[in-house]
Amino acid sequence: MPATDNELINRAKALVPGIRARAAETEKLRHVPDETLQELADAEILQMFVPKRWGGSEASLDTMRQVVETISSACVSTGWITAFYAGHNIYVTRFSEQAQEELFSPHGYVKMPAASAPNLEARKVDGGWEVSGRAVWSSGVVNSDWVQMSGRVGDSGRSFLIPSSEMTMIDTWNFSGAAGTGSNDYSVEKVFVPDHRSLDLLEFNGGKTEGSSQYENPLYQAPFLLLAYCTIVPVVTGGVAGAKAEFEEMISRRVRNFTGVVVKDLQHAHIVLGEMGIRVQVAQEMAQDIYKRAEGIISAGDFSWDERIAMKGRVAFLSHHCRQSVNAMMSNSGAASYHLDQPLQRYWRDLNTICSHAFWDWDASREITGRNMLELPVQYPLV
């Protein structure tokens, strides 16, 4: 029997000690360790969104929030990859039934980055497409078994599913933050992709396809950008919760050099710690609201223009809020917290990197929200 929602949440909690213990190793490896991925698969977390037809749980969207938030509180990079691998199984359901069987049958889920390729070239040939190009920011490509590559093809766009054995990974992921996500580039050169593993990009982004329409669960028809927003939210809120726990531990043990003052006895420490506790609570409540709104949009099947802009703004604000929070923690932690052995500085680097993502850019989100309020045209591709 597939895992229930409660079982998935409880299993995620049980994995936290091991994931936290391997956080430094994950960063050093520059990808999530095989041991962690096996634990996530054994707990049926990676397959939480696989349709029941293929042996998955078809978990609720809010279950993902709780699972990913829990894992991210232990290691942001691991939480990010968990969210991507689990969520991208939804993308597979947009493709043909033949493609779904090909990807889901071997293990009951796929580990698949879904990346765009600005220089994508695809030529129609008998029975499919000949595809070449280079994809960037490919989170999870190191451990992947399939990759999804999308981009412009002539006057339209197209998305392709390609076995990882047919792509070349390019070692580009040398980042100070989110180092453990292994978000390297990859390329393909004149790879043949059969028609059943190809899909019009506009159709893919909209969510409702011939492949996804065979399922009654409306989650499989969810718009791409809405799913992308839901992917980031629990990683950020989980990460800032993990940072707050480390910050609280630092406050409880820190003694200032030269003066010998015990920091936990200072009123200022109480004020700052209290503010961080409130900030984390607010962030988690905001995340719950975002997911509740997302579930409403998916059920109604209507992702209106105003709702698209509003959702982008909410996610960007949450990201900005969490980024400010972890920066405040670091500025009140003392020089020793910047040592690479200290977990707090890892949360700080990870969150600042993830919160820089173009999908939830704070400046762009504020601008398009303001223009929409003034009934001015909004010309921005990520809405």
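Structure's up top.
Quick caveat, the model's predicted, so the values are computed rather than measured. (Residues numbered from 1 in each chain as written. Predicted model: local features only at pLDDT ≥ 70, side-chain atom pairs only at ≥ 80, totals over all residues. Heavy atoms only, no water.)

Notes on the sheet that holds strand β2 (residues 121-125)
Strand order in the open sheet formed by four strands is β2-β3-β7-β6, with antiparallel pairing between adjacent strands. A strand with exactly one partner marks an edge of an open sheet, and here the two such strands are β2 and β6 (168-170). Going from strand to strand, the sheet's axes swing by 10° on average, the running direction of each strand aside. Pairing between β6 and strand β7 (residues 185-194): three bridges, direction antiparallel. Pairing of I170 across the sheet is with D185, part of β7. (Pairing = 2+ DSSP bridges. Helix = DSSP H or I, 4+ residues; strand = E, 2+ residues; numbered from the N terminus. Axes fitted to C-alpha atoms, helices over the stretch in contact; angles between N-to-C directions.)

Observations regarding the packing of helix α8 (residues 224-253) against helix α11 (residues 343-354)
Where α8 contacts α11, the two axes come as close as 9 Å, and the packing angle between them is 155°. Viewed along their axes, α8 and α11 adopt a mutual orientation that is roughly antiparallel. As α8 runs across α11, the sense of the crossing is left-handed. Within the contact between the two elements, α8 uses I232, V235, V236, G239, V240, G242, A243, E246 and F247 and α11 uses P343, L344, Y347, L351 and I354. In terms of residue class, the contact of α8 with α11 is built from 11 nonpolar, two polar and one charged. (Parallel < 35°, antiparallel > 145°, perpendicular 65-115°, else oblique. Left-handed = near helix turned anticlockwise from the far one by under 90°. Contact = heavy atoms within 4.5 Å. Nonpolar A, V, L, I, M, F, W, Y, C, P; charged D, E, K, R; others polar.)

Focus on the environment of G157
Position of G157 relative to the elements: it lies in strand β5 (residues 156-163). When its relative accessible area of 7% is taken as the criterion, G157 is described as buried. Each C-alpha atom of the pair G157 and L120 lies 9.7 Å from the other, and the pair is 37 residues apart in sequence. Ignoring sequence-local partners within four residues, the contact set of G157 consists of G151, R152, D200 and L201. (Buried < 20%, exposed > 50% of the residue type's maximum accessible area, 1.4 Å probe, protein only.)

So, the pairing of strand β3 (residues 128-135)
Taken across its eight residues, β3 has six buried, putting it largely inside the fold. In this structure, β2 lies alongside β3, joined through five bridges in antiparallel fashion. Within β3, the residue paired with E121 across the bridge is S132. The antiparallel pairing of β2 with β3 creates a hairpin that spans two residues between the two strands, and G127 there sits at a positive phi of about 80°. Inspection of the sheet shows β3 paired to β7 by seven bridges, in the antiparallel sense.

Describing the packing of helix α4 (residues 61-72) against α8
Running from amino to carboxyl end, α4 crosses α8 at an angle of 40°, the nearest separation of the two axes being 7 Å. Relative to α8, α4 is oriented so that their crossing is right-handed. Note on element contacts: α8 touches α4 through C230, T231, P234, V235, T237, G238 and G239, opposite L61, M64, R65, V68, E69 and S72. Broken down by class, the residue content of the contact of α4 with α8 amounts to six nonpolar, five polar and two charged.

Digging into the packing of aromatic side chains
Taken as a whole and judged by the stated rule, the model has 15 aromatic pairs. Here the aromatic rings of F224 and F359 are separated by 6.2 Å at their centres, their planes lie at 85°, and the arrangement is edge-to-face. Residue F224 is located in helix α8, and its partner F359 is located in the loop between α11 and α12 (362-373); the two are separated by 135 residues in the primary sequence. Here Y338 and W348 contribute two aromatic rings whose centre-to-centre distance is 5.4 Å and whose plane-to-plane angle is 85°, an arrangement assigned as edge-to-face. Residue Y338 is found in the loop between α10 (305-331) and α11, and its partner W348 is found in helix α11; the two are separated by 10 residues along the sequence. On the basis of relative accessibility, which here comes to 26%, the residue W348 falls in the partly exposed class. Members of the aromatic cluster, each reached through a chain of ring pairs, are Y91, F95, F204, F224, F359 and W360. Above the plane of the ring of F204 lies R94, whose end atom (NZ or CZ) is 5.3 Å from the centre. (Phe/Tyr/Trp six-rings, centres within 6.5 Å; stacked < 30°, edge-to-face > 60°. Lys NZ or Arg CZ within 6 Å of the ring centre and 35° of its normal.)

Brief notes about the environment of I19
Relative to the assigned elements, I19 resides in helix α1 (residues 5-21). On the basis of relative accessible area, I19 is assigned to the buried category, the value being 1%. Along the backbone, I19 and P2 are 17 residues apart, and their C-alpha atoms lie at a distance of 23 Å.

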